[in-house]
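Here are the chains, one letter per residue:
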Amino acid sequence: MIDVKNVKKSFGSNHVLKGVDIHVEQGDVVAILGPSGSGKTTFLRCLNFLERADEGTLEIGDTRVNLHSASSKEILAVRRRTAFVFQNYNLFANMTALKNVMEPLVTAHKVPKEEARQRALEALAGVGLADRADYYPAQLSGGQQQRVSIARAMAVKPDVILFDEPTSALDPELIGDVLKVMKDLAKAGVTMIVVTHEMSFARDVANHVIFMDGGVIVEQGTPKDVFYNTKEERTRQFLARINREVEYNI
């Protein structure tokens, strides 16, 4: 369903991505792990043209684009097939939760307003926020704002949802509600690529795990492969450090 090949990206002399390939089938939940600076967020942003890659191709369904030279029309075609959930929600402060979810439907997807409203209400109900449709972001907790962001992504019915560290900005007690929504999406067969530090999500929900470091994919496979039959020493070091941080609540 999704083929990404040879993605490269540099910022000046800093080679952030050095040729990354992934393949994602419909219904896959792909978790991308790695230390800060490994290139995982830059890679995700390149897939949705939030960053322009230096090289690489993306094929999603019958849409195939060059990640460096894609035209505005091609970028729009990709963005109509994808949705992006940001670390910090990216909600419009002057719009209610309902209007935030409706906005991309009306402006980017040209859905009639009444249909957009109905789809937005259904999406908010799907993340447990039917009773918060008329609330503004400032009236919502961080976890609720992130669930609105997920509802916004769900409402456009994309081929794939891209999640960039969706729980990293949340207080610990709010993470569970967001992860539950993501687990429900996985059970419903929604295709997801998730950059995350949540090891339990990667281990228990994802069906494919990628470990990145230094701008390349170091290791990938099923959660069992990566977590319990680890082949690469660098992966072992990363997982050991993460486990120590969890154990000592660092």
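Values in this document were obtained by computation on a predicted structure and should not be read as measured data.

**Q** What's the story with the packing of aromatic side chains in this structure? I'm lost.
**A** Two aromatic rings are characterised by how far apart their centres lie and by the angle between their planes. Under the counting rule described, the total for this entry stands at 3 aromatic pairs. Judged by centre distance (4.9 Å) and plane angle (35°), the rings of Phe211 and Phe238 are tilted. Separated by 27 residues along the polypeptide, Phe211 in strand S9 (residues 208-213) and Phe238 in helix H9 (residues 233-247) bring together distant segments of the chain. Note on accessibility: Phe211 and Phe238 belong to one class, buried. Centroid distance Phe227 to Tyr228: 6.5 Å. Interplanar angle 50°. Geometry classified as tilted. Of note, Arg132 hangs over the ring of Tyr135, and the distance from its end group to the ring centre comes to 4.8 Å.

**Q** Help me understand the nonpolar core in this model?
**A** For soluble globular proteins, nonpolar side chains are generally found buried alongside one another. Ranked by internal contacts, the top residues of the largest apolar core, which has 51 residues, are Leu33, Val101, Leu124, Val148, Ile150, Phe163 and Met182. Residues in contact with Met182, not counting those within four places in the same chain, are Ile150, Phe163, Pro166, Met192, Val194 and Phe201. In this structure, Ile2, Cys46, Ala53 and Ile75 belong to the second largest nonpolar core, which totals 31 residues.

**Q** How do you make sense of empty space enclosed by the protein when you look at a structure like this?
**A** Per the stated rule, a full pass over the model turns up 1 cavity of 30 Å³ or more. In this model, the largest cavity occupies a volume close to 40 Å³. Forming the walls of the largest cavity are Ile2, Leu47, Leu58, Ile60, Thr82, Val160, Leu162 and Ile193. In terms of residue class, the lining of the largest cavity is made up of 7 nonpolar, 1 polar and no charged.

**Q** Just to check I follow, could you spell out the sheet that holds strand S10 (residues 216-221) for this structure?
**A** Think of a sheet as strands paired side by side through backbone hydrogen bonds, with each pair either parallel or antiparallel. Pairing in this open sheet of 6 strands is mixed, and the strands run S6-S7-S8-S3-S9-S10 from one edge to the other. Two strands lie at the open edges of the sheet, namely strand S6 (82-85) and S10, each paired on one side alone. For this sheet, the mean angle separating the axes of adjacent strands, direction not counted, is 20°. Two strands pair when backbone bridges link them, and S9 and S10 are joined in this way by 5 bridges, in the antiparallel orientation. Among the inter-strand pairings, Met212 is bridged to a residue of S10, identified as Ile217. In the packing of helix H6 (residues 172-187) onto the sheet, the strands contacted are strand S3 (29-33), strand S7 (160-164) and strand S8 (192-195), and the crossing angle to S8 comes to about 150°.

**Q** Even after reading the chapter, I still don't get the packing of helix H4 (residues 113-126) against helix H5 (residues 142-155), so can you show me in this structure?
**A** Think of two packed helices as two axes; the pair is described by the angle between the axes and how far apart they sit. Where H4 meets H5, the axes come as close as 8 Å, and the angle between the chain directions of the two elements is 130°. By the angle class used here, H4 and H5 are oblique. For the crossing formed where H4 meets H5, the hand is right-handed. In contact with Arg119, Ala123 and Leu124 of H4, H5 contributes Val148, Ala151, Met154 and Ala155.

**Q** How should I be thinking about H5 in this particular structure?
**A** For the α-helix, the turn length of 3.6 residues means that residues three or four positions removed from each other point alike. Between its first and last C-alpha atoms H5 spans 20 Å; for 14 residues at 1.5 Å apiece the expected length is 20 Å, and the two agree. Most of H5 sits out of view: 13 of its 14 residues are buried. Positive phi shows up at Lys157, right after H5, with a value of about 55°.

**Q** Quick question: what am I supposed to make of the pattern of salt bridges here?
**A** Two side chains of opposite charge can pair, provided their charged atoms sit close to one another. Scanning the entire structure with this criterion turns up 10 salt bridges. Between Asp62 and Arg81 there is a salt bridge, with its nearest N and O atoms 2.6 Å apart. Highlighted residues: Asp62 in the loop between strand S4 (55-60) and strand S5 (63-66) and Arg81 in the loop between helix H2 (72-79) and S6, separated in sequence by 19 residues. Given the relative accessible area of 73%, Asp62 is considered exposed. For Asp184, the salt bridge goes to Lys180, with nearest N and O atoms at 3.0 Å. Residue Asp184 and its partner Lys180 are both found in helix H6; the two are separated by 4 residues, about one turn of the helix. Ionic contacts of the salt-bridge type, sharing partners, join the residues Asp62, Arg81 and Asp159 into one network.

Cut-offs and rules
Along each chain, numbering runs from 1 in the same order as the chain's sequence is written. Only residues with pLDDT of at least 70 get local features here, since the model is predicted, and only at 80 or more are side-chain atom pairs given and counted; chain-wide, interface and lining totals rely on the full set of residues. Hydrogens and water molecules were not included; the side-chain quantities draw on all heavy atoms of the structure. Aromatic rings from Phe, Tyr and Trp, with only the six-membered ring used for Trp, were paired whenever their centres fell within 6.5 Å, and each pair was classed as stacked if the ring planes differed by under 30 degrees, edge-to-face if by over 60, and tilted otherwise. Note on conventions: DSSP H or I runs of at least 4 residues are helices, E runs of at least 2 residues are strands, and numbering of each starts at the N terminus. Throughout this description, buried means an accessible area under 20% of the type-specific maximum (1.4 Å probe, protein chains only), exposed means over 50%, and partly exposed covers the range between. Note on criteria: charge over ring means Lys NZ or Arg CZ within 6 Å of the ring centre, with the direction from the centre no more than 35 degrees off the ring normal. Here, the term nonpolar core denotes a set of buried Ala, Val, Leu, Ile, Met, Phe, Trp, Tyr and Cys residues that are joined through side-chain atoms within 4.5 Å. Two residues qualify as a contact provided that any one of their heavy atoms is within 4.5 Å of a heavy atom in the partner residue. Think of a 1 Å grid over just the protein atoms. A cavity is a set of points where a 1.4 Å probe fits yet cannot get out, a pocket is an open set with protein on both sides within 12 Å along at least five of seven lines, and lining residues have an atom within 4 Å of a point. Grid points are joined across faces, edges and corners, and a volume is the space filled by probe spheres set on the points. Here the term charged refers only to Asp, Glu, Lys and Arg, the term nonpolar to Ala, Val, Leu, Ile, Met, Phe, Trp, Tyr, Cys and Pro, and the term polar to all other amino acids, Gly among them. What makes two strands pair is DSSP finding at least two bridges between them. Every axis in this analysis is a line fitted to C-alpha atoms, fitted for helices over the stretch in contact. Angles between the N-to-C directions lie between 0 and 180 degrees. Working rule for angles: under 35 degrees goes down as roughly parallel, over 145 as roughly antiparallel, 65 to 115 as roughly perpendicular, anything else as oblique. Crossings are sorted by hand: turned counterclockwise from the far helix by less than a right angle, the near helix makes the crossing left-handed, and turned clockwise it makes it right-handed. To estimate how far a helix should extend, the number of its residues minus one is multiplied by 1.5 Å. Here a salt bridge means any side-chain nitrogen of Lys or Arg lying within 4 Å of a carboxyl oxygen belonging to Asp or Glu.

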